[in-house]
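Residue-level structure breakdown
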Amino acid sequence: MLHTRLYRNGVLEKEGFPVEEVSDHVADPASTAWFDLCSPSAADLGLIGEELGLHELALEDVLNGHQRPKVDVYDNHLFVTVYGVHCEGDRVVPVEVNVFVTRNALVTVRENEHFDIGAVMRRWDATSRLAGHGVTFLLHGLLDYVVDRHMAVVQDLDGQAEALEESLFEEEVRDGRTLQRETYTLRKNTARLRKITMPMREVLGTLLRRDQEIVGDRVMTPYYEDVRDHVVRVNEAVESIREMLANVRETRLSQQGFRLNEIMKRVTGWAAIIAVPTMITGFYGQNVPYPGSGQPWGFFMSAMLVAVASVALYAVFKKKDWL
């Protein structure tokens with residue numbers, strides 16, 4: 001399905017039209033055009049670049065991919081890179097979305113179909129009263145959806161981190177290797193998410209600059225500031241998860257050290273108990289006369305000494321909580 005839209009004087013007038021018609025629509029100052037490209041070829045981007053006068057460096061960034069979230073300001077347009085996120089199993093997977101913003105046209109270039117552009121369109125429809133603000137309105141809806149998806153994923157990771165933290169004290173019913181693997185996966189997902197959420201503060205800060213003419217709409221400024229507040233919350237939540245995972249790691253190491261000490265304490269206690277019978281039987285095994293040597297009662301006396309000494313040591317160690 002071809003995703004294109006034309007707004008005229010704040011009213012959705014047309015959608016689903018060919019991309020070739022965009023140049024005709026953007027010539028009208030009262031019109032705002034949007035169209036979406038998914039995994040376009042170099043030829044397709046070159047054609048769009050000629051139609052809208054896009055800078056060659058921005059087009060090169062789209063083709064190279066894997067850009068850092070950013071805003072590049074050119075003479076007649078902005079180039080914005082953001083990342084949507086979705087989950088595949090237990091992995092957080094980012095999807096690059098590049099956006100060209102001119103005075104009355106917005107072009108979204110998606111890395112693949114995993115970014116739900118339909119959800120962005122529904123968000124535009126839900127706030128259609130602001131459509132009269134043109135590309136500022138369209139760009140806000142896109143960024144608002146992207147940041148909300150970041151927040152949803154962060155909340156999911158936060159729940160996983162809390163469950164992991166609580167499970168540390170359920171060692172009797174939990175495999176240590178499973179805990180270690182889950183911690184590693186969560187740390188990796190958090191690090192991946194942090195790389196795409198941290199620069200978003202800079203992105204919103206650039207768009208809110210007073211000297212920014214392309215999206216410098218004062219009416220829409222509070223809406224962009226609201227998105228920036230959400231970005232701050234996302235970053236704070238990510239840092240909180242990182243601290244929580246660091247605490248999980250430290251607690252896990254402390255538990256392992258404590259468990260090792262407990263094991264060594266018990267092993268040492270049993271070794272001491274075993275050493276006493278060994279000493280007694282070794283003494284009676286000397287090739288010299290001793291009390292009871294060659295007599296039946298000598299054997300019973302040595303056995304009694306072994307039993308009494310072992311029980312006494314066990315009682316002492318148990319009282320001291322060494323066993």
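Up top you'll find the structure we're talking about.
Residues numbered from 1 in each chain as written. Predicted model: local features only at pLDDT ≥ 70, side-chain atom pairs only at ≥ 80, totals over all residues. Heavy atoms only, no water.

1. Some words on the overall build of the protein chain
Of the regular secondary structure elements, the protein chain holds nine helices and seven strands. With 323 residues in all, the protein chain has 44% of them scored as buried. Within the protein chain, counting contacts between residues at least 6 apart in sequence, those at least 24 apart form 62% of the total. Surface summary for the protein chain: the accessible area is close to 17,800 Å², and the carbon and sulfur share equals 54%. (Helix = DSSP H or I, 4+ residues; strand = E, 2+ residues; numbered from the N terminus. Buried < 20%, exposed > 50% of the residue type's maximum accessible area, 1.4 Å probe, protein only. Contact = heavy atoms within 4.5 Å. Areas by Shrake-Rupley, 256 points an atom, 1.4 Å probe, with all protein chains shown as cover.)

2. As for helix 7 (residues 200-207)
Three or more residues of helix 7 are buried, namely Met200, Val203, Leu204, Thr206 and Leu207. Within helix 7, the buried residues cover an arc of 160 degrees as seen down the axis, which keeps them to one side. (Arc of directions from axis to C-beta.)

3. Side note on the environment of Cys87
Take Cys87: it is sitting in strand 5 (residues 78-88). In this structure the C-alpha to C-alpha distance between Cys87 and His114, which are 27 residues apart in sequence, comes to 9.9 Å.

4. Remarks on the pairing of strand 2 (residues 11-15)
Pairing between strand 1 (residues 4-8) and strand 2: four bridges, direction antiparallel. Bridged to Leu6 within strand 2 is Lys14. If you look at the hairpin formed by strand 1 and strand 2, you'll find two residues sitting between the two strands, and Asn9 has a positive phi there, around 55 degrees. (Pairing = 2+ DSSP bridges.)

5. Things to note about the pattern of salt bridges
Inspection of every chain in the model, using the stated rule, returns 15 salt bridges. Between Arg91 and Glu88 there is a salt bridge; the shortest N-O distance is 4.0 Å. Assessed through its relative accessible area of 41%, Arg91 is described here as partly exposed. Given the relative accessible area of 36%, Glu88 is considered partly exposed. Here Arg123 makes a salt bridge to Asp144, at a shortest N to O gap of 3.0 Å. Placement of the pair is Arg123 in helix 4 (residues 117-126) and Asp144 in helix 5 (residues 135-166), with a sequence separation of 21 residues. Classification of Arg123 as partly exposed rests on a relative accessible area of 24%. When its relative accessible area of 13% is taken as the criterion, Asp144 is described as buried. Connected through salt bridges with shared partners, the residues Arg5, Glu15 and Asp125 form a single ionic network. (Salt bridge = Lys/Arg side-chain N within 4 Å of Asp/Glu carboxyl O.)

6. Side note on unusual backbone geometry
With a phi angle near 55 degrees, Asn9 is a residue other than glycine that sits in the positive phi range. You can see Asn9 is positioned in the loop between strand 1 and strand 2. Residue Ser39 is not a glycine yet carries a positive backbone phi of 50 degrees. In this fold, Ser39 is placed in the loop between strand 3 (31-38) and helix 2 (42-52).

7. Topic: the packing of aromatic side chains
Aromatic rings considered in pairs are described by the distance between their centres and by the relative angle of their planes. Applying the stated criterion across every chain yields a total of four aromatic pairs. With centroids separated by 4.9 Å and ring planes inclined at 80 degrees, the aromatic side chains of Trp34 and Trp124 adopt a geometry described as edge-to-face. With Trp34 in strand 3 and Trp124 in helix 4, this residue pair connects regions lying 90 residues apart in the sequence. Here Trp34 and Trp124 have matching classes, each one buried. Look at Phe79 and Phe100: their rings are 5.2 Å apart centre to centre, the planes differ by 45 degrees, and that puts the pair in the tilted class. With Phe79 in strand 5 and Phe100 in strand 6 (residues 91-101), this residue pair connects regions lying 21 residues apart in the sequence. Since its relative accessible area comes to 0%, Phe79 is described here as buried. (Phe/Tyr/Trp six-rings, centres within 6.5 Å; stacked < 30°, edge-to-face > 60°.)

8. Considering the sheet that holds strand 7 (residues 105-110)
The sheet built from seven strands is open, its strands ordered 2-1-3-7-6-5-4 with mixed pairing. Each end of this open sheet is capped by a strand with a single partner; those strands are strand 2 and strand 4 (70-73). Going from strand to strand, the sheet's axes swing by 20 degrees on average, the running direction of each strand aside. Pairing geometry for strand 3 and strand 7, over six bridges, is parallel. (Axes fitted to C-alpha atoms, helices over the stretch in contact; angles between N-to-C directions.)

9. Observations regarding the nonpolar core
Core analysis: the biggest nonpolar cluster contains 57 residues, and Phe115 and Trp124 have the highest contact counts within it. By residue number, the principal contributor to this core is helix 5, which donates 15 residues. If near-sequence neighbours (up to four positions away) are discounted, Phe115 is found in contact with Gly84, Val95, Val97, Arg110, Val120, Leu142, Tyr145 and Val146. Residues Val19, Phe35, Leu54 and Val109 belong to the second largest nonpolar core, which totals 21 residues. (Core = buried A, V, L, I, M, F, W, Y, C linked by side-chain atoms within 4.5 Å.)

10. Focus on the environment of Thr108
In this fold, Thr108 is placed in strand 7. Here the alpha-carbon distance between Thr108 and Leu142, two residues 34 residues apart in the chain, equals 9.3 Å. Not counting chain neighbours up to four residues away, the residues in contact with Thr108 comprise Trp34, Phe35, Asp36, Leu37, Asn98, Val99, Ile117 and Leu142. For Thr108, the side chain forms a polar contact with the side chain of Asp36, separated by 2.8 Å. (Polar contact = N/O pair within 3.5 Å; in protein donor to acceptor, adjacent residues only side chain to side chain.)

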